[in-house]
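If you want the building blocks of each chain, they are given just below.
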Amino acid sequence: MYKRRDYVELYEKDQAKWALLRNVNTVFKHNTLLPGDYVWLDLKTGHEFEVPIGAVVKLCDSGQIQVLDDEGNEHWISPQNANNIKPMHPTSIHGVEDMIRLGDLNEAGILRNLLIRYREHLIYTNCGGRTYTGSILVAVNPYQLLPIYTADQIRLYTNKKIGEMPPHIFAIADNCYFNMQRNNKDQCCIISGESGAGKTESTKLILQFLAAISAFGNAKTIRNDNSSRFGKYIDIHFNKRGAIEGAKIEQYLLEKSRVCRQARDERNYHIFYCMLKGMTVDQKKKLGLGKATDYTYLTIGHCTVCDGRDDQKEYSNIRSAMKVLMFTDKENWEISKLLAAILHMGNLSYEARTYDNLDACEVHRCPDLTTAAVLLEVDLKDLMNCLTSRTIITRGETVSTPLSVEQALDVRDAFVKGIYGRLFVWIVEKINAAIYKPPSLELKAVRRSIGLLDIFGFENFTINSFEQLCINFANENLQQFFVRHVFKLEQEEYNLENINWQHIEFTDNQDALDMIAIKPMNIISLIDEESKFPKGTDTTMLNKLNSQHKLNTNYIPPKNTYETQFGIQHFAGIVYYETRGFLEKNRDTLHGDIIQLVHSSKNKFIKQIFQADVAMGAETRKRSPTLSSQFKRSLELLMRTLSVCQPFFVRCIKPNEYKKPMLFDRELCVRQLRYSGMMETIRIRRAGYPIRYTFVEFVDRYRVLMPGVKPAYKQGDLRGTCQRIAEAVLGRDDDWQMGKTKIFLKDHHDMLLEIERDKAITDKVILIQKVVRGFKDRSNFLKMKKSAMLIQKTWRGYYCRKNYGAMRGGFSRLQALYRSRKLFVTYHVARQRIKLFQGRCRGFLDHFWAPLKSKENRTGEKKSKLQQEQINRCSVQTSFMIFSRGSVVSMMVGSTM
Ligand SMILES: Nc1ncnc2c1ncn2[C@@H]1O[C@H](COP(=O)(O)OP(=O)(O)OP(=O)(O)O)[C@@H](O)[C@H]1O
């Protein structure tokens with residue numbers, strides 16, 4: 001526990017830490033306040049979306065407490081109002097990356113967490129980290145370009161788990177991809193939020209190639225300068241190796257009415273303004289075009305420019321994107337011709353006439369009319385007739401009736417919307433043809449996908465029409481998908497698996513959805529029915545809606561019989577719909593005369609985009625599905641696609657209505673957080689078990705953590721084994737649970753298990769590497785040793801042999817020398833001796849023979865030869881006898897001979 005002196009010291013050093021400790025130790029334990037404490041201040045204004053605001057205590061020694069709130073406003077709190085302030089949990093002081101870690105788990109806590117992060121340009125916040133039922137990321141629109149989307153950032157987030165790095169849209173993208181590969185399951189990313197909240201930007205950050213399509217489908221609205229006026233589901237296909245193979249775009253309900261009408265300060269579709277700014281003078285001359293202010297369709301909103309948007313530059317971007325998407329020059333020109341024709345048609349002026357007491361009208365002959373006819377390649381007279389009269393077939397007879405000015409304007413607008421709508425569909429198809437690769441027929445070719453859903457946000461304008469009903473219906477569907485995934489399925493599973501679980505309440509929009517489109521006699525089906533009914537009008541439709549739904553709590557009937565609007569309590573608030581024009585918009589059929597006109601056209605392109613209508617007979621056309629039923633069907637298909645994917649949710653939040661950076665409108669944010677069910681989401685995420693594995697999956701994945709555990713298919717008691725592993729790694733008392741077929745874990749358990757698994761696998765890998773490397777190195781070594789020995793042996797043999805020869809020669813020479821030397825010495829000694837002996841002998845003989853000789857001499861000269869020989873022999877024998885031990889005898893004998 002910190003003492004006051006410690007605080008002072010700490011305050012000097014680290015104010016943030018000081019505040020943190022003060023809050024923990026003092027406020028919570030003693031309920032006293034000191035300057036620097038963080039508190040929640042409840043202003044009690046009674047506003048629907050007002051929540052307590054964060055504040056820091058400035059002074060508190062004068063009886064009153066002075067606080068400075070998050071907005072920079074000072075407040076004095078008197079002791080009577082002491083209840084208006086409450087201590088703030090430390091986690092709310094500096095904020096947390098994952099909102100389930102918030103100590104103050106209430107709207108104020110969530111809002112402040114987003115606010116302080118937003119001020120630090122941390123626009124992304126997790127909500128529940130990595131979960132089984134899909135990660136949720138909250139993204140607050142920064143309305144400025146932040147340096148967080150660089151290539152380096154992409155690299156940083158690649159191959160990282162959610163929670164490992166700070167929250168980011170890239171983490172969602174990367175985890176979508178990782179999950180797709182690991183679980184071999186399609187993924188989807190549902191990006192939701194109000195108009196202008198940043199859905200399209202988020203989508204573009206995941207996918208960059210949307211530039212072309214967004215020019216035809218986006219426009220400036222009061223909420224968003226680049227509002228998508230259509231919904232899209234982009235499915236990116238990956239091959240077995242995880243490489244992008246292609247993609248497909250599904251579009252939903254383009255807001256066609258925008259082509260003819262825009263609210264104040266809003267624009268028509270960007271493409272018109274881009275075209276007028278970006279085309280060359282020559283091209284514009286060929287199409288008879290001028291500047292944006294010359295066209296009625298482009299000036300209804302009294303706004304032809306859009307701040308921060310360079311239409312000229314955008315036009316060249318669009319052209320290059322279209323080139324990439326394989327639009328030919330001819331096709332581009334044909335598109336421009338139709339767009340120009342639309343603008344010219346918008347400038348037509350009508351004059352009221354009366355023929356046979358019938359309201360009629362005439363189109364002024366003007367250059368716009370002629371140019372429109374030229375561009376559409378139709379006969380001028382046919383065009384005029386088509387725009388001012390209607391052919392009716394009664395009792396087999398064809399009758400032409402004139403149209404009043406209002407009717408004629410409606411016909412013209414319907415034609416123009418028909419052209420633009422079909423053109424848009426054609427462009428989407430063309431893009432799909434360029435980016436879509438049909439799946440290979442090979443059985444082995446598995447293809448996985450990641451879908452990105454960027455659908456129009458919830459809308460509530462001053463006047464809402466049929467389009468808003470469809471848009472809000474789509475949003476109800478998405479909210480139900482979210483609710484189902486995050487709350488219903490989750491809690492159902494806990495019950496089914498017998499998990500010890502405290503039910504969490506949530507707002508379910510199923511009732512509203514049932515009323516709009518699911519239950520019999522729902523609003524959409526009633527509108528549809530009335531649209532097909534020949535005498536049906538907007539009023540009869542409203543009456544039917546009233547009588548059918550007036551008792552439904554989600555339906556708000558008109559206050560009196562003159563009122564033409566009804567309300568629906570949507571999950572995001574009440575929206576009142578103006579019913580005038582509902583049926584016409586829903587029918588969305590073009591009159592036979594117009595189809596006939598298109599059929600007569602020489603312009604192949606317009607014929608192509610109207611192909612299906614021309615091919616249909618008049619009767620089939622009448623029975624063709626209405627807009628709402630088409631929309632409902634495509635939404636059902638979308639929901640079916642989403643339901644088989646593992647979802648990720650990106651909840652985009654719009655911080656202010658002024659499209660300004662660093663401006664955080666608390667009430668606006670609370671409203672968005674509240675209706676998106678963020679509060680309950682965090683609560684369920686915190687209490688729940690986001691990670692779950694079947695026993696088989698768990699044993700197979702984590703048996704590596706317990707030596708000796710066999711694979712799941714060899715286990716007799718899977719549940720027991722699973723429990724043993726979990727107890728050993730996570731501890732017996734931690735908050736994980738065993739269900740009937742699955743084990744339920746918290747996020748941190750999964751993290752721990754994964755880390756341990758990584759470690760164990762790394763150890764095993766190192767062991768295998770060690771053994772393999774040892775084996776490899778040993779065998780290499782042995783081989784090298786053997787080779788070295790062979791080389792050594794051969795070399796040594798060779799060397800020794802070579803040495804031996806030389807040595808032998810040397811030795812022989814030495815021997816010879818030695819021997820010769822020895823013999824020489826012996827010989828010399830012997831010779832000396834012999835010489836000595838000879839000398840002696842001779843001396844002796846001389847001495848001995850001298851008397852004999854003289855006797856001989858005396859006896860005569862006739863001494864026989866025999867006698868001489870005897871004398872010699874006697875001399876030799878004597879020598880022999882003396883030297884018979886020496887080997888040199890013979891030599892000596894020889895030498896003496
Ligand atoms: N991450 C971001 N970084 C910078 N600016 C952003 C970001 N997200 C949104 N914005 C800004 O907010 C504007 C509106 O965003 P965006 O068009 O994505 O809204 P939206 O939710 O798709 O709206 P709508 O439903 O009307 O199409 C963008 O034009 C851009 O200026």
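Residues numbered from 1 in each chain as written. Predicted model: local features only at pLDDT ≥ 70, side-chain atom pairs only at ≥ 80, totals over all residues. Heavy atoms only, no water.

Turning our eyes to something else, we now look at the packing of helix α9 (residues 270–278) against helix α12 (residues 311–324). Two elements in contact, α9 and α12, have axes separated by 7 Å at closest approach and are oriented at 100°. Taken as axis vectors, α9 and α12 run roughly perpendicular relative to one another. Facing α9, whose interface residues are I271, Y273, C274, M275, K277 and G278, α12 presents D311, Q312, E314, Y315 and I318. Of the residues assigned to the contact of α9 with α12, the class counts are 6 nonpolar, 2 polar and 3 charged. (Axes fitted to C-alpha atoms, helices over the stretch in contact; angles between N-to-C directions. Helix = DSSP H or I, 4+ residues; strand = E, 2+ residues; numbered from the N terminus. Parallel < 35°, antiparallel > 145°, perpendicular 65-115°, else oblique. Contact = heavy atoms within 4.5 Å. Nonpolar A, V, L, I, M, F, W, Y, C, P; charged D, E, K, R; others polar.)

Moving on, we get to the pairing of strand β21 (residues 646–653). Across the 8 residues that make up β21, a large majority, 8, are buried. The alternating pattern of β21 places Q646, F648, V650 and C652 on one face and P647, F649, R651 and I653 on the opposite face, and all of these are buried. Inspection of the sheet shows strand β7 (residues 136–140) paired to β21 by 5 bridges, in the parallel sense. Across the sheet, A139 pairs through a bridge with C652, a residue of β21. With 6 bridges connecting them, strand β8 (residues 187–192) and β21 associate as parallel partners. Looking across to β21, one finds that I191 is bridged to V650. (Buried < 20%, exposed > 50% of the residue type's maximum accessible area, 1.4 Å probe, protein only. Pairing = 2+ DSSP bridges.)

What follows covers the packing of aromatic side chains. Enumeration over the complete set of coordinates arrives at 29 aromatic pairs. With a centroid separation of 4.9 Å and an interplanar angle of 90°, the aromatic rings of F482 and F649 are classed as edge-to-face. Highlighted residues: F482 in helix α17 (residues 466–496) and F649 in strand β21, separated in sequence by 167 residues. Taken individually, F482 and F649 each receive the classification buried, so the pair is uniform in this respect. Between Y494 and F744, the ring centres sit 5.7 Å apart and the planes meet at 65°, which makes this aromatic pair edge-to-face. One end of the pair, Y494, is in helix α17; the other, F744, is in strand β24 (residues 742–745), and 250 residues separate them in sequence. Residue Y494 is classed as buried on the basis of its relative accessible area, which comes to 0%. (Phe/Tyr/Trp six-rings, centres within 6.5 Å; stacked < 30°, edge-to-face > 60°.)

Moving on, we come to the sheet that holds strand β23 (residues 737–738). Note: strands within a sheet are paired through backbone hydrogen bonds, in either parallel or antiparallel orientation. Ordered by their spatial adjacency, 3 strands build an open sheet running β22-β24-β23, and the pairing between neighbours is antiparallel. Bordering the open sheet on either side are β22 (691–694) and β23, each of which pairs with just one other strand. With 2 bridges joining them, β23 and β24 adopt antiparallel strand pairing. Counted as the bridge partner of Q737 is F744 from β24.

Most of helix α14 (residues 367–376) sits inside the fold, with 7 of its 10 residues counted as buried. Burial in α14 covers these residues: D368, L369, T371, A372, A373, L375 and L376. The secondary structure elements touched by the buried residues of α14 are α10 (281–287), α13 (329–346), β14 (358–363), α15 (380–388), α16 (405–435) and α23 (604–609). At the C-terminal side of α14, E377 shows a positive phi close to 55°.

Residues in close proximity to the ligand total 18 residues, the closest being S195, T200, E201, S227 and S228. The contact in question runs from an oxygen atom of the ligand to an N or O atom on the side chain of S227, over 2.3 Å. Its free accessible area being 630 Å², the ligand has 88% of it covered by the protein chains. Secondary-structure elements contributing two or more residues to the shell around the ligand are α7 (199–206) and β10 (227–228). Among the elements that make up the shell around the ligand, the one with the highest residue count is α7 (3 residues). Looking at side-chain class alone, the shell around the ligand contains 4 nonpolar, 11 polar and 3 charged residues. (Near = heavy atom within 4 Å. Polar contact = N/O pair within 3.5 Å; in protein donor to acceptor, adjacent residues only side chain to side chain. Areas by Shrake-Rupley, 256 points an atom, 1.4 Å probe, with all protein chains shown as cover.)

In this section: the packing of helix α29 (residues 695–702) against helix α30 (residues 718–730). Two elements in contact, α29 and α30, have axes whose closest approach is 9 Å; the angle formed by their N-to-C orientations is 50°. The orientation of α29 with respect to α30, classified from their angle, is oblique. Of the two elements, α29 crosses α30, and the hand of that crossing is left-handed. For the pair α29 and α30, contact is made by F695, V696, F698, V699 and Y702 and by L718, R719, T721, C722, I725 and A726, respectively. When the residues that make up the contact of α29 with α30 are grouped by side-chain class, the tally is 9 nonpolar, 1 polar and 1 charged. (Left-handed = near helix turned anticlockwise from the far one by under 90°.)

A few words now on α17. The end-to-end C-alpha separation of α17 is 42 Å, in line with the 45 Å expected for 31 residues at 1.5 Å each. The largest bend in α17 comes to about 45°, at R484. Just beyond α17, the residue with positive phi is N498, at close to 60°. (Expected span 1.5 Å × (residues − 1). Bend = angle between axes of the 7 residues up to and from the residue.)

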